[in-house]
Amino acid sequence: MTHTTIGQDSRQGQPDEALLEHGYNFAFLDEQTKRMVRRATLKAIAIPGYQVPFASREMPMPYGWGTGGIQLTASIIGQQDILKVTDQGADDTTNAVSIRSFFQRTTGVSTTENTQEATLIQTRHRIPEETLSKDHILVYQVPIPEPLRWMEPRETETRKMHAHEEYGVMHVKLYEDIAHHGHIATSFDYPVQIADRYIMSPSPIPKFDNPKMDNCPALQVFGAGREQRIYAIPPYTKVHSLDFEDHPFTVQSWEEVCSLCGSDESYLDEIILDNEGNRMFVCSDSDYCRKRLEAGHTGAMSEQQSDTPEVNSVEVANA
Amino acid sequence: MHNIQDVPQPAPADNASPSSVTSVNPEFGSAEEQPLLSVAGLSKYYGDRAGCLNVSFDLYPGEIIGIVGESGSGKSTLLNCISGRLSPTYGTVTYQQQSKERCDIHAAPEHLRRMLMRTEWGYVHQNPRDGLRNNVSAGANIGERLMGVGMRHYGNIRSKASSWLERVEIMQERMDDLPRTFSGGMQQRLQIARNLVSNPRLIFMDEPTGGLDVSVQARLLDLLRELVADMGLAVVIVTHDLAVARILAHRLMVMKGGVVVESGLTDQVLDDPHHEYTQLLVSSILQV
Ligand SMILES: [Zn+2]
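Residues numbered from 1 in each chain as written. Chains lettered and ligands numbered in written order. Predicted model: local features only at pLDDT ≥ 70, side-chain atom pairs only at ≥ 80, totals over all residues. Heavy atoms only, no water.

Caption draft 1: Spatial organisation of the environment of Ile47(A). Relative to the assigned elements, Ile47(A) resides in the loop between helix 2 (31–46) and strand 1 (52–53). The spacing of Ile47(A) and Arg197(A) is 150 residues in sequence and 9.4 Å in space, taken between C-alpha atoms. (Helix = DSSP H or I, 4+ residues; strand = E, 2+ residues; numbered from the N terminus.)

Right, dumping it as structure tokens:
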């Protein structure tokens, strides 16, 4: 496993010859843009949870495809990196496949679906189940970076609220949840406070993943392309999910276990099997599930059928 | 309101144009007591035009001062400067914090000013929509200040909100409803509760009864008078309505063209107005 090195000469990689002929740089972005993104990223790491504005560039894909995450990945990827791109836990959705192939063509780096093998993981909506190490960098795609936006539409005002740590309104939102649902119903993009200071939106990951951010050995960086913001959680940083004393933070849990690998500790997706209302639950993290199957773990579905179902085909049906 | 030219012009009285007002009410401002708020030489210019000019007064704990005048008289500009929402061109506003420390509101760091605004101060807007969070329930509106100062027990926040709803005469069953489902009078009472829940010491009010029906106004005035007396609040209230001023304020400042033309105890000013403009205001009220 190697660390990401910054500012490499594109000649040493093996990006797509045709792209090089057209004058594209290693990882698509020109070196000056990468330096700008890296400066913003370093500032973000220096002020954990603080949203650093950056001059987001047009990317050859629409907003909503993770252009913030892509610019981050493009700016920190090096030839020795092994890239994993995952979308809602799966590596084979259209979004993940496109981004992965984009970087394959523009950098020539190795890619993988294996969390442990990867050095750089770009993700949308999930954190991998396997524990991340200090050799990982996790890049999140972020649609709406401002956690205060729901309560305060004015950007000038939200900046002041962050500056003066005026965060009462975040609990107003949670209060409202409990008043209407009897419990905190927010289950995605659940707000967190970083290092006892900035309130941060963790992007639309399930709150199930929030505890993984806390004291995580990996560097976590967040990019919002349309909103032009970068923020970060440095390794081993305290990440606290907001709550009330009498309504403490809890994560999703399931009565069921994964139908394929039998895991009772992973985030499960519900899959409708037919019109009779039959359903199954499988791990949302397809790499994690596959590894468990390979290690001989079984679930209800894999026991019924003689041959092990293909995990990926199930994920495709889900997507 | 009459045109000023239609009214006979009385001779100017001796006390007609004081630029400085000290507490003339023996109830307030005893020798050992410091003013809660001291306004000194306050002027706000918009280009060459003075929104308000050289206004000075002291406000003591528990005292209610009314600023009256027509629209355009500068009373709103003055209120905005006093309450820290607008920077004056000249002059100072000094506030004595609960900690007894005095601070120059406009020279103080922004975070301190903002902190005072949501803890020791309150601001009641004419239009409750400007002072409420309209996308959250009544309970959340009241609870916001408590959460802002770090209260993290949902049950306690809720019971505080519930008792405040009761104090402002809103049924507790409405606690989880959005403000827009409330009548205008209820919204205004909710705005008041939302301000008072933090036990402030000083409340600014901008035409708090404006836009309400007369019967609703009367009820709100009674409630305000009761709450303010119970809590010993100091109040700066801006109104064009002399009836409101008479019911609530201990002292009045009459403004015209950005200048305080007359000031004194409310009853004195209203029953024996000296300045021609005050006489005009009072007479027009009587004719209603
Ligand atoms: Zn599984």
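Caption draft 2: Structural view of the interface of chain A and chain B. On the chain B side, the residues contacting the 21 residues of chain A number 21 residues. Here chain A meets chain B over a buried area of about 2000 Å², counting both sides, of which 56% is carbon and sulfur. Taken together, the connections running from chain A to chain B amount to 4 salt bridges. The partner of Arg118(B) in a salt bridge is Glu166(A), with the nearest N and O atoms 3.1 Å apart. Scanning the region where chain A abuts chain B turns up 14 residue pairs in polar contact (both at pLDDT 80 or more). (Contact = heavy atoms within 4.5 Å. Buried area = accessible area lost by both parts, 1.4 Å probe. Salt bridge = Lys/Arg side-chain N within 4 Å of Asp/Glu carboxyl O. Polar contact = N/O pair within 3.5 Å; in protein donor to acceptor, adjacent residues only side chain to side chain.)

Caption draft 3: Geometry of the environment of Leu227(B). Residues and elements named next belong to chain B. Residue position: Leu227 is located in helix 7 (residues 214–231). Leu227 sits in the buried class, given a relative accessible area of 3%. Distance in space between the C-alpha atoms of Leu227 and Arg167 is 8.5 Å, their sequence separation being 60 residues. When near neighbours in sequence (up to four residues on either side) are disregarded, Leu227 contacts Trp164, Arg167, Val168, Ile192 and Leu196. (Buried < 20%, exposed > 50% of the residue type's maximum accessible area, 1.4 Å probe, protein only.)

Caption draft 4: Summary view of the domain arrangement of chain A. Residues and elements named next belong to chain A. Assigned domains within chain A: domain 1 (1–252) and domain 2 (268–318). Contact between domain 1 and domain 2 buries roughly 890 Å² in total, counting both sides, with carbon and sulfur atoms accounting for 36%. The three residues of domain 1 that bury the most area against domain 2 are Asp92, Glu113 and Glu129, which together make up 44% of that side's buried surface. At the junction of domain 1 and domain 2, the tally comes to 2 salt bridges. Note that Arg290 and Glu113 form a salt bridge whose closest N and O atoms lie 3.2 Å from each other. At the boundary of domain 1 and domain 2, one finds 7 residue pairs in polar contact (both at pLDDT 80 or more). Residue composition of the side of domain 1 that touches domain 2, by class: 2 nonpolar, 5 polar and 7 charged. (Domains from an automatic or database assignment. Nonpolar A, V, L, I, M, F, W, Y, C, P; charged D, E, K, R; others polar.)

Caption draft 5: How the structure looks around the coordination of the zinc ion. All names here are of chain A. The zinc ion binds to the protein through Cys258 (SG), Cys261 (SG), Cys283 (SG) and Cys289 (SG); the donor distances cover 2.2 to 2.3 Å. Taken together, the 4 donor atoms coordinating the zinc ion and their angles of 106 to 120° define a geometry best described as tetrahedral. Each donor residue of the zinc ion lies on one chain, and together they are spaced C-x2-C-x21-C-x5-C. Linking Cys258 in the loop between strand 10 (239–241) and strand 11 (268–272) with Cys289 in helix 8 (residues 286–294), this pair joins segments that are 31 residues apart in sequence. Of the two residues, Cys258 and Cys289, both sit in the buried class. (Donors = N, O, S within 2.8 Å, 3.2 Å for Na, K, Ca; no water. Tetrahedral: all angles 85-135°; square planar, octahedral: opposite > 155°, others 65-115°.)

Caption draft 6: Geometry of the pairing of strand 2 (residues 82–87) of chain A. Residue and element names in this part refer to chain A. For strand 2, the tally of buried residues reaches 5 of 6 residues, placing the bulk of the element in the interior. Of the strand pairs in this sheet, strand 2 and strand 3 (residues 110–111) are connected by 2 bridges, and their pairing is parallel. Directly across from Leu83, in strand 3, lies its bridge partner Thr111. For the segment spanning strand 2, helix 4 (residues 94–107) and strand 3, crossover handedness is right-handed. Pairing analysis gives 5 bridges linking strand 2 to strand 4 (residues 120–124), with the strands arranged parallel. Bridge pairing in strand 4 links Thr86 to Thr123. (Pairing = 2+ DSSP bridges. Right-handed = clockwise from strand over helix to strand, strands pointing away.)

Caption draft 7: Local environment of unusual backbone geometry. With a phi close to 60°, Gln228(A) is a non-glycine residue in the positive phi region. The exposure class assigned to Gln228(A) is partly exposed, which follows from its relative accessible area of 31%.

Caption draft 8: Region of the structure containing the sheet that holds strand 7 (residues 198–200) of chain A. All names here are of chain A. Spatially, 7-6-10 is the arrangement adopted by the 3 strands of the open sheet, whose pairing is antiparallel. Of all the strands in the sheet, the pair left with one neighbour each is strand 7 and strand 10. Averaged over all pairs of adjacent strands, the angle between strand axes in this sheet comes to 30°, irrespective of strand direction. Relative to strand 10, strand 6 (residues 192–194) runs antiparallel, the two sharing 3 bridges. Of the residues in strand 10, the one forming a bridge with Ile194 is Val239. (Axes fitted to C-alpha atoms, helices over the stretch in contact; angles between N-to-C directions.)

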